[in-house]
Amino acid sequence: MSEMQMRVSDEDRERTAQQLQQAFTEGRLTHPELEDRLENALKAKTYGDLLGLISDLPAEQAPAAEVVELASKSGSVKRTGDWAVPRRLRCSSKYGSVELDLSKAVVPHSVVDIELDLTYGSAKIILPDGGAANIDAFNSDWGHTSTSDVPSRQRPGALYVVITGRSKYGGLSVRYARKRWFTH
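Attention in this report is confined to the structure presented alongside it. (Residues numbered from 1 in each chain as written. Predicted model: local features only at pLDDT ≥ 70, side-chain atom pairs only at ≥ 80, totals over all residues. Heavy atoms only, no water.)

## A look at the overall build of the protein
- Each helix and strand in the protein was counted, giving three helices and ten strands.
- Its helices and strands in sequence order give the protein the pattern α-α-α-β-β-β-β-β-β-β-β-β-β, from N to C terminus.
- Its C-alpha atoms give the protein a radius of gyration of 22 Å, more than 25% over the compact-globule value 16 Å for 184 residues.
- Seen through its C-alpha atoms, the protein measures out along the principal axes to roughly 65 × 35 × 35 Å.
- Counting every position in the protein, which comprises 184 residues, the buried fraction comes to 38%.
- Computed over 24 positive and 25 negative side-chain charges, the inter-centroid distance for the protein is 9 Å. (Helix = DSSP H or I, 4+ residues; strand = E, 2+ residues; numbered from the N terminus. Rg over C-alpha atoms; globule rule 2.2 N^0.38 Å. Buried < 20%, exposed > 50% of the residue type's maximum accessible area, 1.4 Å probe, protein only. Lys, Arg positive; Asp, Glu negative; His and termini not counted. Charge placed at Lys NZ, Arg CZ, Asp CG, Glu CD.)

Following this line, the structure appears as structure tokens:
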């Protein structure tokens, strides 16, 4: 017996239904197509039946982790480019700095919590255009805290970053990505 002829569970049917609903919210399916496919998903008996309902849709992406801890004792913690941002991020560095560039990252959440624990280092967080950051719960004993032109209140449809924690001898800088001049 092939895998496509194996019988599916209720959980398999539910997972397929969620994928179809996601495709509808992304505009990949019309309302009548969604209703028809959902009905067939709930009646499906084999993996082949379910696969036929989603084979023309993009594969499901694995969700970003809910909480990620990044730590360094003497080096820097740096994340830039295309990376998956978790819902909660804990960064600690005793003698190094932390740089988190969210401007090109994949951020599946509207709110991201970043907890910083720095002793002798500073942190730089770069937001995507339109993003906002609340730094009210971040304390710096001997450093500066700067948000330049970044608003601190949440905006509908934009990334909102809540930064908490402390730095004993370093500071925090939150800004947007710098525009590059004379690039193609």
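## A look at the packing of aromatic side chains
- Overall, the coordinates contain two aromatic pairs when judged by the stated rule.
- In this structure an aromatic cluster arises from ring pairing among Y95, Y120 and Y169. (Phe/Tyr/Trp six-rings, centres within 6.5 Å; stacked < 30°, edge-to-face > 60°.)

## Overview of helix α3 (residues 47-54)
- Turning to α3, its buried residues are L50, L53 and I54. Seen along its axis, α3 keeps its buried residues to an arc of 85°; they face one direction.
- Check the buried side of α3 and you find it contacts α1 (10-25) and α2 (31-43). (Arc of directions from axis to C-beta. Contact = heavy atoms within 4.5 Å.)

## Some thoughts on the sheet that holds strand β9 (residues 160-167)
- Read across the sheet, five strands follow the order β1-β3-β5-β9-β7 without closing on themselves; strand pairing throughout is parallel. Of all strands in the sheet, those with a lone pairing partner are β1 (67-72) and β7 (132-140), marking the two edges. Looking at each pair of strands side by side, their axes are set apart by 10° on average, direction ignored.
- Note that strand β5 (residues 111-118) and β9 share eight bridges and pair parallel. Looking at the pairing, V112 lines up with V161 of β9. (Pairing = 2+ DSSP bridges. Axes fitted to C-alpha atoms, helices over the stretch in contact; angles between N-to-C directions.)

## Things to note about the nonpolar core
- Membership of the largest hydrophobic core comes to 26 residues, with the highest contact counts inside it found for L100, I114, L116, I125, I163, L172 and V174.
- Within the residue set of this core, elements represented by two or more residues are β3 (88-93), β4 (98-101), β5, β6 (123-127), β7, β9 and β10 (172-176).
- Take this core: its biggest share by element is four residues, from β5.
- Excluding anything up to four places from it in sequence, L100 contacts L70, R79, W83, L89, C91, I114, K124, I125 and I126.
- Counting 13 residues, the second largest nonpolar core, distinct from the first, contains L20, L38, A44 and I54. (Core = buried A, V, L, I, M, F, W, Y, C linked by side-chain atoms within 4.5 Å.)

## Some details on the side chain of S167
- Within the secondary structure, S167 is located in strand β9.
- Within polar-contact distance, the side chain of S167 engages the backbone nitrogen of G170 at 3.0 Å.
- When near neighbours in sequence (up to four residues on either side) are disregarded, S167 contacts L118, T119, G121, F138, N139, S140 and D141. (Polar contact = N/O pair within 3.5 Å; in protein donor to acceptor, adjacent residues only side chain to side chain.)

## A look at the sheet that holds β4
- The strand order across the open sheet built from five strands is β2-β4-β6-β10-β8, with neighbouring strands paired in parallel fashion. Edge positions in the sheet fall to β2 (77-79) and β8 (145-146), since each has one partner strand and no second.
- By the bridge criterion, five bridges tie β6 to β10 in an arrangement that is parallel. Among the inter-strand pairings, I125 is bridged to a residue of β10, identified as V174.

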